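# Structural features, examined
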Amino acid sequence: MQNPLIHGKTLEQEIRGAAYTSLMQEIQETAPSLKRFVAWNDLIAFMRQGRSDDPLKDQILRPILAAHASTQDSRWCTLLLVIFWPGLDAIASRKRKWEPDLEERWQNLLWAFLQTLSKLDLAKRPNRLVQKIINDTFRRFFDKCRAGWEQSMREITTAPDEFERLAAGDENGVNFDRMDLSSTQDLEITRLIGHLNEGRLNEKDFLLLIGTRVFGKSAAQYAHEMGMDQDLARKRRLRAESALRKFEEKNKL
(Lines give C-alpha, C1' and ligand atoms only; values in the text may rest on other atoms or scores of the structure.)
Protein backbone atom coordinates (compact mmCIF):
# COMPACT_ATOMS: atom_id res chain seq x y z
CA MET A 1 0.00 0.00 0.00
CA GLN A 2 1.18 3.52 -0.70
CA ASN A 3 2.51 5.33 2.37
CA PRO A 4 -0.70 6.57 4.10
CA LEU A 5 0.71 10.06 4.59
CA ILE A 6 1.57 10.30 0.89
CA HIS A 7 -1.86 8.90 0.01
CA GLY A 8 -3.53 11.57 2.13
CA LYS A 9 -1.55 14.31 0.38
CA THR A 10 -2.49 12.83 -3.00
CA LEU A 11 -6.18 13.07 -2.12
CA GLU A 12 -5.73 16.67 -1.03
CA GLN A 13 -4.19 17.47 -4.41
CA GLU A 14 -7.01 15.67 -6.22
CA ILE A 15 -9.74 17.82 -4.70
CA ARG A 16 -8.07 20.96 -6.10
CA GLY A 17 -9.07 19.85 -9.60
CA ALA A 18 -11.84 21.25 -11.77
CA ALA A 19 -14.14 18.29 -11.09
CA TYR A 20 -14.25 19.20 -7.42
CA THR A 21 -14.60 22.91 -8.08
CA SER A 22 -17.82 22.22 -9.97
CA LEU A 23 -18.96 19.94 -7.16
CA MET A 24 -18.61 22.77 -4.65
CA GLN A 25 -20.56 25.11 -6.89
CA GLU A 26 -23.35 22.56 -7.13
CA ILE A 27 -23.73 21.98 -3.41
CA GLN A 28 -23.45 25.67 -2.53
CA GLU A 29 -26.69 26.24 -4.44
CA THR A 30 -28.60 24.20 -1.84
CA ALA A 31 -26.34 24.48 1.23
CA PRO A 32 -25.96 28.10 2.43
CA SER A 33 -23.55 27.01 5.18
CA LEU A 34 -20.95 26.20 2.51
CA LYS A 35 -21.08 29.51 0.65
CA ARG A 36 -18.48 31.04 2.97
CA PHE A 37 -15.78 28.83 1.40
CA VAL A 38 -14.03 29.65 -1.86
CA ALA A 39 -12.53 26.17 -2.30
CA TRP A 40 -12.63 22.76 -0.65
CA ASN A 41 -9.22 23.35 0.90
CA ASP A 42 -10.68 26.28 2.84
CA LEU A 43 -13.48 24.08 4.13
CA ILE A 44 -11.07 21.31 5.09
CA ALA A 45 -8.83 23.77 6.94
CA PHE A 46 -11.85 24.93 8.94
CA MET A 47 -12.94 21.37 9.75
CA ARG A 48 -9.47 20.49 11.02
CA GLN A 49 -9.18 23.36 13.47
CA GLY A 50 -10.98 24.11 16.70
CA ARG A 51 -13.19 21.71 18.64
CA SER A 52 -14.81 18.71 17.02
CA ASP A 53 -18.14 19.52 18.71
CA ASP A 54 -18.36 23.01 17.20
CA PRO A 55 -21.99 23.37 15.94
CA LEU A 56 -20.69 25.10 12.80
CA LYS A 57 -18.95 21.87 11.83
CA ASP A 58 -22.27 20.04 11.97
CA GLN A 59 -23.80 22.65 9.65
CA ILE A 60 -20.97 22.17 7.17
CA LEU A 61 -20.70 18.41 7.38
CA ARG A 62 -24.41 17.56 7.22
CA PRO A 63 -25.07 18.58 3.58
CA ILE A 64 -21.89 16.79 2.47
CA LEU A 65 -22.96 13.61 4.26
CA ALA A 66 -26.46 13.94 2.81
CA ALA A 67 -25.05 14.28 -0.71
CA HIS A 68 -22.82 11.26 -0.14
CA ALA A 69 -25.79 9.20 1.04
CA SER A 70 -28.11 10.21 -1.81
CA THR A 71 -25.76 9.85 -4.79
CA GLN A 72 -23.27 7.36 -6.16
CA ASP A 73 -20.71 10.10 -6.80
CA SER A 74 -17.36 8.87 -5.45
CA ARG A 75 -16.12 12.44 -5.11
CA TRP A 76 -18.08 12.84 -1.88
CA CYS A 77 -16.30 9.84 -0.40
CA THR A 78 -12.94 11.32 -1.39
CA LEU A 79 -13.82 14.63 0.25
CA LEU A 80 -14.91 12.94 3.46
CA LEU A 81 -11.70 10.92 3.51
CA VAL A 82 -9.66 14.11 3.24
CA ILE A 83 -11.68 15.82 5.98
CA PHE A 84 -11.23 12.92 8.37
CA TRP A 85 -7.73 11.87 7.31
CA PRO A 86 -5.91 13.32 10.36
CA GLY A 87 -8.26 11.43 12.66
CA LEU A 88 -7.86 8.17 10.74
CA ASP A 89 -4.10 8.61 10.66
CA ALA A 90 -4.08 9.18 14.42
CA ILE A 91 -6.04 5.98 15.05
CA ALA A 92 -3.78 3.98 12.73
CA SER A 93 -0.70 5.32 14.49
CA ARG A 94 -1.93 4.91 18.05
CA LYS A 95 -3.35 1.42 17.49
CA ARG A 96 -0.62 -0.19 15.42
CA LYS A 97 -0.35 -3.01 18.00
CA TRP A 98 -3.87 -4.05 17.09
CA GLU A 99 -2.66 -4.83 13.56
CA PRO A 100 1.14 -4.63 13.06
CA ASP A 101 0.90 -4.96 9.29
CA LEU A 102 0.56 -1.42 7.90
CA GLU A 103 -1.39 -2.39 4.79
CA GLU A 104 -3.83 -4.61 6.67
CA ARG A 105 -4.28 -1.98 9.37
CA TRP A 106 -5.24 0.70 6.85
CA GLN A 107 -7.51 -1.67 4.95
CA ASN A 108 -9.34 -2.43 8.20
CA LEU A 109 -9.51 1.24 9.14
CA LEU A 110 -10.78 2.42 5.75
CA TRP A 111 -13.34 -0.40 5.74
CA ALA A 112 -14.51 0.76 9.19
CA PHE A 113 -14.75 4.38 8.01
CA LEU A 114 -16.71 3.52 4.86
CA GLN A 115 -19.05 1.26 6.82
CA THR A 116 -19.65 4.08 9.27
CA LEU A 117 -20.54 6.49 6.48
CA SER A 118 -22.88 3.99 4.84
CA LYS A 119 -24.77 3.26 8.06
CA LEU A 120 -24.98 6.81 9.40
CA ASP A 121 -28.59 7.93 9.86
CA LEU A 122 -28.57 11.73 9.73
CA ALA A 123 -32.19 11.89 10.86
CA LYS A 124 -31.20 10.33 14.18
CA ARG A 125 -28.05 12.39 14.68
CA PRO A 126 -28.84 16.10 15.18
CA ASN A 127 -25.36 17.15 16.31
CA ARG A 128 -21.75 16.12 17.05
CA LEU A 129 -21.36 14.44 13.69
CA VAL A 130 -17.56 14.53 13.74
CA GLN A 131 -17.42 12.67 17.04
CA LYS A 132 -20.07 10.18 15.92
CA ILE A 133 -18.12 9.28 12.79
CA ILE A 134 -14.78 8.99 14.60
CA ASN A 135 -16.27 6.96 17.46
CA ASP A 136 -18.14 4.52 15.21
CA THR A 137 -15.10 4.12 12.95
CA PHE A 138 -12.99 3.42 16.02
CA ARG A 139 -15.38 0.74 17.27
CA ARG A 140 -15.71 -0.94 13.89
CA PHE A 141 -11.94 -0.91 13.53
CA PHE A 142 -11.73 -2.55 16.96
CA ASP A 143 -14.12 -5.30 15.88
CA LYS A 144 -12.29 -5.84 12.58
CA CYS A 145 -8.92 -6.22 14.28
CA ARG A 146 -10.17 -8.28 17.22
CA ALA A 147 -10.20 -11.58 15.35
CA GLY A 148 -6.48 -11.30 14.68
CA TRP A 149 -5.39 -10.43 18.17
CA GLU A 150 -2.87 -12.59 19.98
CA GLN A 151 -2.80 -13.21 23.72
CA SER A 152 0.25 -11.00 24.07
CA MET A 153 -1.65 -7.95 22.86
CA ARG A 154 -1.38 -5.23 25.48
CA GLU A 155 -3.68 -2.41 24.32
CA ILE A 156 -7.32 -1.67 24.88
CA THR A 157 -9.72 0.92 23.58
CA THR A 158 -11.08 3.60 25.85
CA ALA A 159 -14.76 3.52 26.73
CA PRO A 160 -16.97 5.42 24.25
CA ASP A 161 -17.84 8.28 26.64
CA GLU A 162 -14.20 8.75 27.55
CA PHE A 163 -13.19 8.56 23.90
CA GLU A 164 -15.70 11.29 23.03
CA ARG A 165 -14.27 13.49 25.79
CA LEU A 166 -10.74 12.98 24.55
CA ALA A 167 -11.67 13.42 20.91
CA ALA A 168 -13.36 16.73 21.75
CA GLY A 169 -9.91 18.15 22.39
CA ASP A 170 -9.48 21.75 23.50
CA GLU A 171 -8.99 25.17 22.01
CA ASN A 172 -6.11 23.78 19.93
CA GLY A 173 -8.34 21.32 18.11
CA VAL A 174 -8.97 17.58 18.17
CA ASN A 175 -6.45 16.03 20.51
CA PHE A 176 -5.93 12.39 19.57
CA ASP A 177 -2.63 12.29 21.45
CA ARG A 178 -4.56 12.21 24.71
CA MET A 179 -5.96 8.76 23.92
CA ASP A 180 -3.73 7.02 26.45
CA LEU A 181 -4.80 3.73 27.93
CA SER A 182 -5.41 3.15 31.62
CA SER A 183 -3.73 0.26 33.40
CA THR A 184 -7.17 -0.99 34.51
CA GLN A 185 -8.39 -1.21 30.94
CA ASP A 186 -5.15 -2.84 29.86
CA LEU A 187 -5.51 -5.56 32.48
CA GLU A 188 -9.18 -6.15 31.69
CA ILE A 189 -8.73 -6.70 27.97
CA THR A 190 -5.71 -8.95 28.56
CA ARG A 191 -7.73 -10.96 31.08
CA LEU A 192 -10.69 -11.44 28.74
CA ILE A 193 -8.55 -12.32 25.73
CA GLY A 194 -6.79 -14.94 27.86
CA HIS A 195 -10.12 -16.54 28.82
CA LEU A 196 -11.27 -16.42 25.19
CA ASN A 197 -8.11 -18.12 23.93
CA GLU A 198 -8.35 -20.82 26.61
CA GLY A 199 -11.94 -21.59 25.69
CA ARG A 200 -13.50 -20.38 28.95
CA LEU A 201 -15.36 -17.67 27.02
CA ASN A 202 -17.07 -18.11 23.69
CA GLU A 203 -16.99 -15.30 21.17
CA LYS A 204 -20.50 -14.04 21.93
CA ASP A 205 -19.82 -13.78 25.65
CA PHE A 206 -16.43 -12.21 24.96
CA LEU A 207 -18.07 -9.48 22.87
CA LEU A 208 -20.76 -9.00 25.51
CA LEU A 209 -18.17 -8.46 28.24
CA ILE A 210 -16.10 -6.22 25.99
CA GLY A 211 -19.18 -4.15 25.22
CA THR A 212 -20.28 -3.82 28.85
CA ARG A 213 -17.09 -3.99 30.92
CA VAL A 214 -14.77 -2.21 28.49
CA PHE A 215 -17.03 -0.01 26.37
CA GLY A 216 -19.14 0.88 29.41
CA LYS A 217 -22.51 -0.02 27.92
CA SER A 218 -25.34 -1.37 30.04
CA ALA A 219 -26.57 -4.86 29.22
CA ALA A 220 -29.76 -3.26 27.88
CA GLN A 221 -27.83 -0.91 25.58
CA TYR A 222 -25.67 -3.72 24.27
CA ALA A 223 -28.70 -5.96 23.70
CA HIS A 224 -30.48 -3.22 21.75
CA GLU A 225 -27.49 -2.60 19.48
CA MET A 226 -26.91 -6.30 18.84
CA GLY A 227 -30.58 -7.23 18.43
CA MET A 228 -30.58 -9.44 21.53
CA ASP A 229 -33.19 -9.93 24.21
CA GLN A 230 -32.30 -7.71 27.19
CA ASP A 231 -32.97 -10.39 29.82
CA LEU A 232 -30.88 -12.87 27.86
CA ALA A 233 -28.01 -10.41 27.66
CA ARG A 234 -28.13 -9.81 31.42
CA LYS A 235 -28.25 -13.53 32.17
CA ARG A 236 -25.39 -14.28 29.77
CA ARG A 237 -23.26 -11.56 31.32
CA LEU A 238 -23.94 -12.74 34.89
CA ARG A 239 -23.29 -16.36 33.93
CA ALA A 240 -20.04 -15.54 32.12
CA GLU A 241 -18.76 -13.30 34.90
CA SER A 242 -19.65 -15.88 37.53
CA ALA A 243 -17.83 -18.65 35.66
CA LEU A 244 -14.70 -16.53 35.22
CA ARG A 245 -14.76 -15.40 38.85
CA LYS A 246 -15.02 -19.00 40.11
CA PHE A 247 -12.15 -20.10 37.85
CA GLU A 248 -9.93 -17.23 38.97
CA GLU A 249 -10.73 -17.79 42.67
CA LYS A 250 -10.03 -21.50 42.35
CA ASN A 251 -6.73 -20.88 40.57
CA LYS A 252 -5.87 -17.80 42.67
CA LEU A 253 -5.53 -15.58 39.58
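Residues numbered from 1 in each chain as written. Predicted model: local features only at pLDDT ≥ 70, side-chain atom pairs only at ≥ 80, totals over all residues. Heavy atoms only, no water.

## Overview of the nonpolar core
Heads up, the condition is: We call a set of buried residues a nonpolar core when its members are Ala, Val, Leu, Ile, Met, Phe, Trp, Tyr or Cys and they connect through side-chain atoms within 4.5 Å of each other. Each residue is assigned to one of three classes by its accessible area relative to the maximum for its type, calculated with a 1.4 Å probe on protein chains only: buried under 20%, partly exposed between the two thresholds, exposed over 50%. Numbered from the N terminus, helices here are DSSP runs of H or I no shorter than four residues, and strands are runs of E no shorter than two. Any pair of residues with heavy atoms lying within 4.5 Å of one another is described as a contacting pair.
Ranked by internal contacts, the top residues of the largest apolar core, which has 61 residues, are Trp-40, Leu-43, Leu-61, Ile-64, Leu-65 and Phe-84. Broken down by element, the residue count for this core peaks at 11 residues, all from helix H5 (residues 74-94). With sequence-adjacent residues up to four places away left out, Trp-40 is seen in contact with Ile-15, Tyr-20, Leu-23, Met-24, Ile-27, Ile-64, Trp-76 and Leu-79.

## What about the confidence of the model for the chain?
Defined as follows: pLDDT measures how confident the predictor is about each residue, on a scale from 0 to 100.
Averaged over all residues, the pLDDT of the chain is 80; the fraction at 70 or higher stands at 80%. Below a pLDDT of 50 lies the segment residues 150-182, which in the model reaches 80 contacts outside its immediate sequence neighbourhood of four places, other chains included.

## A word on the packing of helix H4 (residues 55-70) against helix H7 (residues 129-146)
Rules: For helices, the fitted line uses only the C-alpha atoms of the stretch in contact; every axis is such a line through C-alpha atoms, and the angle between N-to-C directions lies from 0 to 180 degrees. Orientation is classified from the angle alone, with under 35 degrees giving roughly parallel, over 145 giving roughly antiparallel, 65 to 115 giving roughly perpendicular, and any other angle giving oblique. Under the convention adopted here, Pro, Cys and the residues Ala, Val, Leu, Ile, Met, Phe, Trp and Tyr are nonpolar, Asp, Glu, Lys and Arg are charged, and Gly plus all remaining residues are polar.
In contact at an axis separation of 9 Å, H4 and H7 are set at 60° when each is read in the N-to-C sense. Taken together, the axes of H4 and H7 lie oblique to each other. Between H4, through Asp-58, Leu-61, Arg-62 and Leu-65, and H7, the contact on the second element is made entirely by Leu-129, Val-130 and Ile-133. The residue inventory of the contact of H4 with H7, partitioned by class, reads five nonpolar, no polar and two charged.

## Things to note about the pattern of salt bridges
The test is simple: Any Lys or Arg side-chain nitrogen found within 4 Å of a carboxyl oxygen on Asp or Glu counts as a salt bridge.
Within this structure, the stated rule accounts for 10 salt bridges. With a closest N to O distance of 3.6 Å, Asp-136 and Arg-139 form a salt bridge. With a gap of three residues between them, Asp-136 and Arg-139 both fall in helix H7, about one helical turn apart. Note on Asp-136: relative accessible area 13%, which makes it buried. Notably, a salt bridge pairs Asp-231 with Arg-234, separated by 3.2 Å at the nearest N-O pair. Separated by three residues within a single helix, Asp-231 and Arg-234 lie in helix H12 (residues 230-250), roughly one turn from each other. For Asp-231, a relative accessible area of 46% corresponds to the partly exposed category. If you follow the salt bridges from partner to partner, you end up with Lys-132, Asp-136 and Arg-139 in one network.

## Some remarks on helix H10 (residues 203-214)
Rules: Think of a polar contact as two N or O atoms within 3.5 Å of one another; within protein, one of them needs to be a possible hydrogen donor and the other a possible acceptor, and neighboring residues in sequence only count if both atoms come from side chains.
Of all 12 residues making up H10, nine are buried, and the element is well covered by its neighbours. Along H10, the positions that sit buried rather than exposed are Asp-205, Phe-206, Leu-207, Leu-208, Leu-209, Ile-210, Gly-211, Thr-212 and Val-214. One side-chain oxygen of the residue at the start of H10 lies 3.2 Å from the amide nitrogen of Lys-204, identifying that residue as Asn-202. Where H10 ends, the next residue or the one after it, Gly-216, has phi of about 75°, a positive value.

## Here we look at helix H11 (residues 219-226)
What counts is decided by this rule: Note that the arc is computed from the directions linking the helix axis to the C-beta atoms.
For H11, every residue scored as buried is listed here: Ala-219, Tyr-222 and Ala-223. Down the axis of H11, the buried set is contained in an arc of 100°. They therefore lie on one face. On the buried face of H11, the contacting elements are H10 and H12. The positive-phi residue at the C-terminal boundary of H11 is Gly-227, with phi of around 70°.

## Description of the environment of Arg-191
Structurally, Arg-191 is set in helix H9 (residues 183-197). With relative accessibility at 24%, the residue Arg-191 sits in the partly exposed group. Separated by 53 residues in the primary sequence, Arg-191 and Leu-244 have C-alpha atoms spaced 9.8 Å apart. Contact partners of Arg-191, with chain neighbours within four places excluded, come to Arg-213, Leu-244 and Glu-248. A polar side-chain atom of Arg-191 sits 2.6 Å from a polar atom in the side chain of Glu-248.

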